[in-house]
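# Architecture and fold: a report
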Amino acid sequence: MNIYIITGGSRGLGAAFVSATLRDSNKVISIARTRNEELDKLQSKRVGKFIQCQFDISNIKELDALIDQILDDNDIIQASTITLINNAGILHPMKPAESCTAEEFQHILAVNTLAPMALTAAFLRKTAKFGGEKYILNISSGAGNTSYHGWAAYSTTKAALNRFTQSVAFEEEGKDNPAKIISLAPGVVDTDMQEEIRNSNEDNFKGIERFRKLKNYGHLSNPNDVAYKALQWLIDEQCENGGIYDIRNL
Ligand code: NAP
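Residues numbered from 1 in each chain as written. Predicted model: local features only at pLDDT ≥ 70, side-chain atom pairs only at ≥ 80, totals over all residues. Heavy atoms only, no water.

## Quick look at the side chain of lysine 158
Along the chain, lysine 158 falls in helix α6 (residues 152-172). The side chain of lysine 158 is buried and forms no salt bridge, while glutamate 196, the nearest opposite charge, is found at 12 Å. In contact with lysine 158, other than residues within four places in its own chain, are Asn112, Ile139, Ser140, Ser141 and Gly144. (Helix = DSSP H or I, 4+ residues; strand = E, 2+ residues; numbered from the N terminus. Buried < 20%, exposed > 50% of the residue type's maximum accessible area, 1.4 Å probe, protein only. Lys, Arg positive; Asp, Glu negative; His and termini not counted. Salt bridge = Lys/Arg side-chain N within 4 Å of Asp/Glu carboxyl O. Contact = heavy atoms within 4.5 Å.)

Take a look at the structure:
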């Protein structure tokens, strides 16, 4: 049995991760604010066990208790692999830094960076004695390495996530049973987040036209293809601990 904890499993890429992992005798736990009824129907067609945990991950102080609650000790004993996928993410505030409020900065940092950090820490503590394979997949963005006009907040959260990934991998070195942690930019994926980008305006985001063209020319990636490839890469021998990858280069 493999256990997967997926943040933002209610929609987009996260729902694709749920669909890709909910098979065999796997246990899949999604953490998101809303419940996806379609995924409950999927559960009835698959053998695996699926739990939707409705939770706002910006409540970072409660994430340690959440991991304790959803990662059952009996399941850990029976598991072959345990994987945390820090996928949930937001773009807002999508506007130049000078137009953003302190509260907006605080919220995007909480969801995109602090929650993955706190969940990673809680996950490592909870699985410290687990003898099987441990994986942490942080979903980053090309914006973590590149500046886009109007994405100062978002880019910063993803750049920090990349550095955190490298630092944790460094700390895992030399442990008896280290976790493998990587950051992966998923490319331009056909989800609600892309719709949000296309519906923004040029004053706030100067790169908008490129994203509208990518959609019009059918150049967005399918979330299911991205999820499948990401999961394959995570367990690939060539995938190095602490690696910062872009799926478009794999
Ligand atoms: P999406 O369609 O907007 O879905 C975002 C997911 O995050 C939803 O399931 C949402 O669930 C969850 N979420 C947001 N805020 C949350 C909160 N406070 N607590 C719990 N869950 C929360 O986005 P996506 O395109 O699938 O993006 C997935 C990841 O890929 C993100 O990290 C994003 O930065 C990254 N990414 C996407 C693209 C792209 O082209 N789509 C490109 C680069 C990187 P609820 O609303 O139900 O809470």
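## A closer look at the packing of aromatic side chains
Evaluation of the coordinates by the stated rule reveals six aromatic pairs. Each ring, one from phenylalanine 205 and one from phenylalanine 211, has its centre 5.8 Å from the other, and the planes form 45 degrees; the classification is tilted. A relative accessible area of 4% means that phenylalanine 211 is categorised as buried. Joined through ring pairs, the aromatic side chains of Tyr148, Trp151, Tyr154, Phe205 and Phe211 make up one cluster. The aromatic ring of phenylalanine 211 is capped on one face by arginine 210, whose charged end is 4.8 Å from the ring centroid. (Phe/Tyr/Trp six-rings, centres within 6.5 Å; stacked < 30°, edge-to-face > 60°. Lys NZ or Arg CZ within 6 Å of the ring centre and 35° of its normal.)

## Some points on the environment of asparagine 2
Topologically, asparagine 2 is positioned in strand β1 (residues 2-7). C-alpha separation for the pair asparagine 2 and tyrosine 245, spaced 243 residues apart in sequence, amounts to 24 Å. A distance of 2.7 Å separates a polar atom in the side chain of asparagine 2 from a polar atom in the side chain of threonine 81. (Polar contact = N/O pair within 3.5 Å; in protein donor to acceptor, adjacent residues only side chain to side chain.)

## What about the site of the ligand?
By nearness alone, 29 residues border the ligand, and Arg33, Thr34, Tyr154, Thr191 and Gln194 come closest of all. The contact in question runs from a nitrogen atom of the ligand to an N or O atom on the backbone of isoleucine 57, over 3.0 Å. A distance of 3.5 Å separates an oxygen atom of the ligand from a polar backbone atom of glycine 187. Protein contacts shield 96% of the accessible area of the ligand, which totals 880 Å² for the unbound molecule. Going through the elements one at a time, α1 (12-21), α6 and α7 (192-198) are the ones with two or more residues in the shell around the ligand. Broken down by element, the shell around the ligand gets its largest block of residues, three residues, from α7. Taken together, the residues of the shell around the ligand break down into 13 nonpolar, 11 polar and five charged. (Near = heavy atom within 4 Å. Areas by Shrake-Rupley, 256 points an atom, 1.4 Å probe, with all protein chains shown as cover. Nonpolar A, V, L, I, M, F, W, Y, C, P; charged D, E, K, R; others polar.)

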